[in-house]
Amino acid sequence: MRIRFMAVPLLLLSLLCAACQQGEEKASGPSIAVVDIVRVMRDSEAGKAGISYLEDMQAGIQKQLDDIQTKLEKDPENEQLQKQLQTVYMSAQQQMSEEQQNVLSQLQNVTKRVMDEFRKAKGYDVLFSAETLSSYDEKLDVTNDLLVEMNKQKVNFKPLDTPADEEPKADEPAGDKKDAAADKKDGKTDKAAQ
């Protein structure tokens, strides 16, 4: 009988100790924070610089289109101007799409790097995007602190090098490149025939 009475208190004591250990594990769980990434990319100095860069590029393209359109209004039957307007418009759409993707990619890379450095410096195990969470405690939001770090970053946006921009050099006409390539091919053919 005595053994049974001792077994019950020992069992309760072991369950109590296990519950205490679980509580300690939860208290020392991962350190998390939440970031509004869209706001960081939009409101940071780098984000504003990216938007300004794209707006300036778009304004330059629009001026070019407006100039052609003004000429076309004076001479509406000019097929060469019509083709030029269409070509410039199509090229501008593609260029702007590529430039937007380039700016977004640069901003994402900088934001990711800054977030990683911020997370490590502040001792967070995980930074969650606010956009992916349906509900969270506002105390976990570190967006303002991350914005401060992002504003220390300088990003230089430069136009992409596009193949359409590359033209033959003045000292080397386009026909010479084709002729040189044909000569090389003919030279290889002659060697193979011998």
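Below: a short report on this structure.

Basis of the calculations
Residues numbered from 1 in each chain as written. Predicted model: local features only at pLDDT ≥ 70, side-chain atom pairs only at ≥ 80, totals over all residues. Heavy atoms only, no water. Axes fitted to C-alpha atoms, helices over the stretch in contact; angles between N-to-C directions. Helix = DSSP H or I, 4+ residues; strand = E, 2+ residues; numbered from the N terminus. Left-handed = near helix turned anticlockwise from the far one by under 90°. Contact = heavy atoms within 4.5 Å. Nonpolar A, V, L, I, M, F, W, Y, C, P; charged D, E, K, R; others polar. Parallel < 35°, antiparallel > 145°, perpendicular 65-115°, else oblique. Buried < 20%, exposed > 50% of the residue type's maximum accessible area, 1.4 Å probe, protein only. Arc of directions from axis to C-beta. Salt bridge = Lys/Arg side-chain N within 4 Å of Asp/Glu carboxyl O. Core = buried A, V, L, I, M, F, W, Y, C linked by side-chain atoms within 4.5 Å.

## Observations regarding the packing of helix H4 (residues 79–122) against helix H5 (residues 143–150)
It is the contact of H4 with H5, at a shortest axis distance of 10 Å, that shows an interaxial angle of 115 degrees. Two packed elements cross with a definite hand, and for H4 against H5 that hand is right-handed. Between H4, through Val110, Thr111, Val114, Met115 and Phe118, and H5, the contact on the second element is made entirely by Asp145, Leu146, Glu149 and Met150. Across the contact of H4 with H5, the residue classes tally to 6 nonpolar, 1 polar and 2 charged.

## What to know about the packing of helix H3 (residues 45–74) against H4
The N-to-C vectors of H3 and H4 enclose an angle of 180 degrees; their axes lie 10 Å apart at closest approach. By the angle between their axes, H3 is roughly antiparallel relative to H4. Grouping the amino acids of the contact of H3 with H4 by side-chain chemistry returns 16 nonpolar, 8 polar and 2 charged.

## Let's talk about the environment of Lys154
By the secondary structure assignment, Lys154 is in the loop between H5 and helix H6 (174–193). Each C-alpha atom, one on Lys154 and one on Ala46, is 6.4 Å from the other, the two residues being 108 residues apart in sequence.

## Concerning H5
The α-helix advances 3.6 residues per turn, and as a result positions three or four apart in sequence lie on the same side. Among the residues of H5, those classed as buried are Thr143, Leu146, Leu147 and Met150. Down the axis of H5, the smallest arc covering the buried residues is 105 degrees, so these residues share one side. In this structure, the buried residues of H5 make contact with strand S1 (32–35), helix H2 (37–43), H3 and H4.

## Some words on the pattern of salt bridges
The tally for this structure, following the rule as stated, stands at 7 salt bridges. Salt-bridge contacts for Asp43 lead to Arg39; the nearest nitrogen and oxygen are separated by 3.7 Å. With Asp43 and Arg39 both in helix H2 and 4 residues apart, this pair spans about one turn of that helix. We classify Asp43 as partly exposed; its relative accessible area is 27%. Where Arg113 meets Glu117, a salt bridge forms, and the shortest distance between an N and an O atom there is 3.6 Å. Linking Arg113 with Glu117, this pair stays in helix H4, spanning 4 residues, or about one helical turn. Residue Arg113 is classed as partly exposed on the basis of its relative accessible area, which comes to 38%.

## Some remarks on the nonpolar core
Ranked by size, the top nonpolar core spans 30 residues in total, and within it Leu127 and Leu146 carry the most contacts. Contributing elements (two or more residues each) for this core: S1, H2, H3, H4 and H5. A per-element tally of this core places H4 first, with 11 residues. Dropping the residues within four chain positions of it, Leu146 is found in contact with Val35, Val40, Val114, Met115 and Phe118.

## Topic: the side chain of Glu99
One can find Glu99 in helix H4. Assessed through its relative accessible area of 1%, Glu99 is described here as buried. Glu99 has contacts with Tyr53, Leu54, Met57, Lys158, Pro159 and Leu160, leaving out every residue within four places of it along the chain.

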